[in-house]
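Structural characterization, general
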Amino acid sequence: MDRSAADMTDVERRSFGHVLRDGLAGLNAVQAARCLVAVTALLLVLVTLDPFPDLRSPDAATAVGGRMALTYVSFGLLAAVAVLLAAATDGLSLKTLVTPLHLCLVGWLLINIAFSESRGVSLQRFVLAASVTSLAVLLPLLPPTQRSFNLCLGGAALALLALCYLGVFLAPQYSIHTALDITEPQLAGDWRGSFGHKNVASPVMTILVYVGIYLCAVGSFVMGPAIAMLAGIFLIFTGGKTSSVLCLAIYALASLVYVTRSLWLKRIICFVPLIVMNLLTVGSVLSSALGAMTRLLPLDPTFTGRSAIWEFALAAVAEKPIIGHGYAAFWDDVTERQTAQGAEWATTAAHSHNSYLDLAVTIGLPGLLLVILVFVLAPLGNFQSAQAHNRSSALAKLFLTVWLFGLYYGVTETFLLERQSPIWFVFVLAVAGLHFLARFQCVGQVGPEH
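The model shown is predicted, which means the values in this text are computed figures rather than measured ones.

Turning next to the packing of helix 3 (residues 29-47) against helix 5 (residues 68-89). Between helix 3 and helix 5, whose axes approach to 10 Å, the crossing angle comes to 145°. Where helix 3 crosses over helix 5, the two elements pack in a sense that is left-handed. In contact with Val30, Ala33, Arg34, Val37, Thr40, Ala41, Leu44 and Val45 of helix 3, helix 5 contributes Ser74, Phe75, Leu78, Val81, Ala82, Leu85, Ala86 and Thr89. The residue inventory of the contact of helix 3 with helix 5, partitioned by class, reads twelve nonpolar, three polar and one charged.

Attention now goes to the nonpolar core. Residues Trp403, Leu404, Leu407 and Phe425 are the most contacted members of the largest nonpolar core, which totals 129 residues. The dominant element in this core, judged by the number of residues it contributes, is helix 17 (residues 355-388), at 15 residues. Residue contacts for Phe425: discarding those within four places in its chain leaves Ala41, Leu42, Val45, Val132, Leu135, Ala136 and Leu139.

A separate point is a nonpolar patch on the surface. Where nonpolar side chains cluster on the molecular surface, the patch consists of Met229, Ile233, Ile236 and Phe237 and spans about 410 Å² of accessible area. Inspection of the secondary structure assignment puts Ile236 in helix 12 (residues 223-238).

Scanning all chains against the criterion turns up 20 aromatic pairs. Aromatic pair Trp191 and Phe234: ring centres 5.1 Å apart, planes at 65°, arrangement edge-to-face. One end of the pair, Trp191, is in the loop between helix 10 (172-175) and helix 11 (198-217); the other, Phe234, is in helix 12, with 43 residues separating them in the sequence. Residue classification places Phe234 among the buried positions, given a relative accessible area of 0%. For the ring pair Phe330 and Trp331, a centre distance of 5.0 Å and an interplane angle of 90° mean the geometry is edge-to-face.

Moving on, we come to the pattern of salt bridges. Counting across every chain of the model gives four salt bridges. Two residues, Asp90 and Arg34, come together in a salt bridge whose shortest N-O distance is 2.7 Å. Highlighted residues: Asp90 in the loop between helix 5 and helix 6 (91-95) and Arg34 in helix 3, separated in sequence by 56 residues. Take Asp90 and Arg34: they sit in the same class, and that class is buried.

A volume near 850 Å³ is recorded for the second largest pocket. Considering the residues around the second largest pocket, the lining is formed by 30 residues, among which His102, Val106, Thr133, Val137 and Phe375 are closest to the centre. Taken together, the elements giving at least two residues each to the lining of the second largest pocket come down to helix 7 (100-114), helix 8 (119-138), helix 17 and helix 19 (422-437). In terms of residue count, helix 8 provides more of the lining of the second largest pocket than any other element does, seven residues in total. Residue composition of the lining of the second largest pocket, by class: 23 nonpolar, six polar and one charged.

Moving on, we get to the confidence of the model for the chain. Residues of the chain with pLDDT of at least 70 account for 83%, and the chain-wide mean is 86. Low pLDDT (under 50) marks residues 1-17, which in the prediction has 32 contacts with non-local residues, meaning those over four places away or in another chain.

Quick look at the side chain of Ser116 now. Looking at the element boundaries, Ser116 is found in the loop between helix 7 and helix 8. Judged by relative accessible area, which is 7%, Ser116 ranks as buried. There is a polar contact of 3.0 Å between the side chain of Ser116 and the backbone nitrogen of Ser118. Not counting residues up to four positions away in its chain, the partners in contact with Ser116 are Ser122, His325, Gly326 and Ala329.

The next subject is unusual backbone geometry. Phi angles above zero are rare outside glycine, and Phe52 is one such case at about 55°. Looking at the element boundaries, Phe52 is found in the loop between helix 3 and helix 4 (60-66). Although it is not a glycine, Arg419 sits at a positive phi angle of roughly 35°. Within the element layout of this structure, Arg419 appears in the loop between helix 18 (393-409) and helix 19.

The next subject is helix 3. The end-to-end C-alpha distance of helix 3 is 26 Å, a good match for the 27 Å that 19 residues give at a rise of 1.5 Å each. Those residues of helix 3 not exposed but buried are Arg34, Cys35, Val37, Ala38, Ala41, Leu42, Leu44, Val45, Leu46 and Val47. Downstream of helix 3 by a residue or two, Thr48 has a phi angle that is positive, lying close to 70°.

What counts, and where the lines are drawn
Residues numbered from 1 in each chain as written. Predicted model: local features only at pLDDT ≥ 70, side-chain atom pairs only at ≥ 80, totals over all residues. Heavy atoms only, no water. Axes fitted to C-alpha atoms, helices over the stretch in contact; angles between N-to-C directions. Helix = DSSP H or I, 4+ residues; strand = E, 2+ residues; numbered from the N terminus. Left-handed = near helix turned anticlockwise from the far one by under 90°. Contact = heavy atoms within 4.5 Å. Nonpolar A, V, L, I, M, F, W, Y, C, P; charged D, E, K, R; others polar. Core = buried A, V, L, I, M, F, W, Y, C linked by side-chain atoms within 4.5 Å. Buried < 20%, exposed > 50% of the residue type's maximum accessible area, 1.4 Å probe, protein only. Patch = residues over 30% accessible without salt bridge, like charges linked within 9 Å, V, L, I, M, F, W, Y side chains within 5 Å. Areas by Shrake-Rupley, 256 points an atom, 1.4 Å probe, with all protein chains shown as cover. Salt bridge = Lys/Arg side-chain N within 4 Å of Asp/Glu carboxyl O. Phe/Tyr/Trp six-rings, centres within 6.5 Å; stacked < 30°, edge-to-face > 60°. 1 Å grid on protein atoms, 1.4 Å probe; cavity = no way out; pocket = protein on both sides within 12 Å on 5 of 7 lines; lining within 4 Å. Points joined across faces, edges and corners; volume = space filled by probe spheres on them. pLDDT = per-residue confidence, 0-100. Polar contact = N/O pair within 3.5 Å; in protein donor to acceptor, adjacent residues only side chain to side chain. Expected span 1.5 Å × (residues − 1).

Set out below in structure tokens:
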């Protein structure tokens, strides 16, 4: 089933239809079903059941909420099918997920939900988060070979990009922010594609740039460049400054980590800038010295007044530092809470604009610590192990890059444990991918790799 690097290059130079046909040739019905579930999961998360929302309508949020029941059912059924398919052939891989640390995180989330200020809301949203997260964890196991995984990933990326570009050119009022938007009319002209906001479109496009680069590295000289170029252009037109800056910076950081041998040096490269960024943002409202340093910088790390939101969120952490206010239940109704004089608008925020701070608010400091252990510290060790065993190095680098992007994106936006967020889904996929690569060799590993 495996082909040489030269053979792979010849195949990938032909049309995507030929690549898809050749890549899926020889798959039996069960294997084809696994690929179908993988692509469906990707498209369900990225496109959603409500693409191109009309932001000019005051009923836009209500319309989305009305489809939540279908969303729960869709993700739940798809997750159940994925579990059955993975359990049939990948029982050993699934067993590696049952660790004391993972069990502690799940156990803490259940305890947090039991003591939530809105227990029903927390439980309901946790069910959706569990379904989405399960799908993301299992997705690397579903395609039977690395080649079929590449085709699933590339096919879903091209489908999303085609949908977004068609929206921009054929229905711009539904895919580009306008001055008639009910909220944030100042974003007029920024592309959002099929997404509800440019701040969702821009990080997704950044991740697709990484996917395109990865496909180029494994010999896909048609699909890879097409995805990277189309996603890169779309990213520019979203006007997403954070994602645009992080896009190349994170890839450079991942490349540096990739060529560094020492695990301790890897940790320094990955985490020191991350800690500094958190100190210059959230830390600036905790320490007057850090605040003074922040004001000396040539840019505004508070992103135009987010410091008021961070102060409000930090006060909420101080109220319940251990158990937290409840998973995904704090920001629904905070208008009655006390906040600093002159910064009352902070109570209208949808989240704290910092993933780590938001977790401290909702699931408490112990929950934040467990998330850091599972999703921040462990993946780098898994990458080191995968690299030491020379397991699918190009794929490992893709997962490393997406994981790093998530860590740094989380400094200014909230996405960790964020239910059906596409950023959370792809982030978990990368973390799970590193977990499995550290323990198993990919079937049908392709080349060349760089």
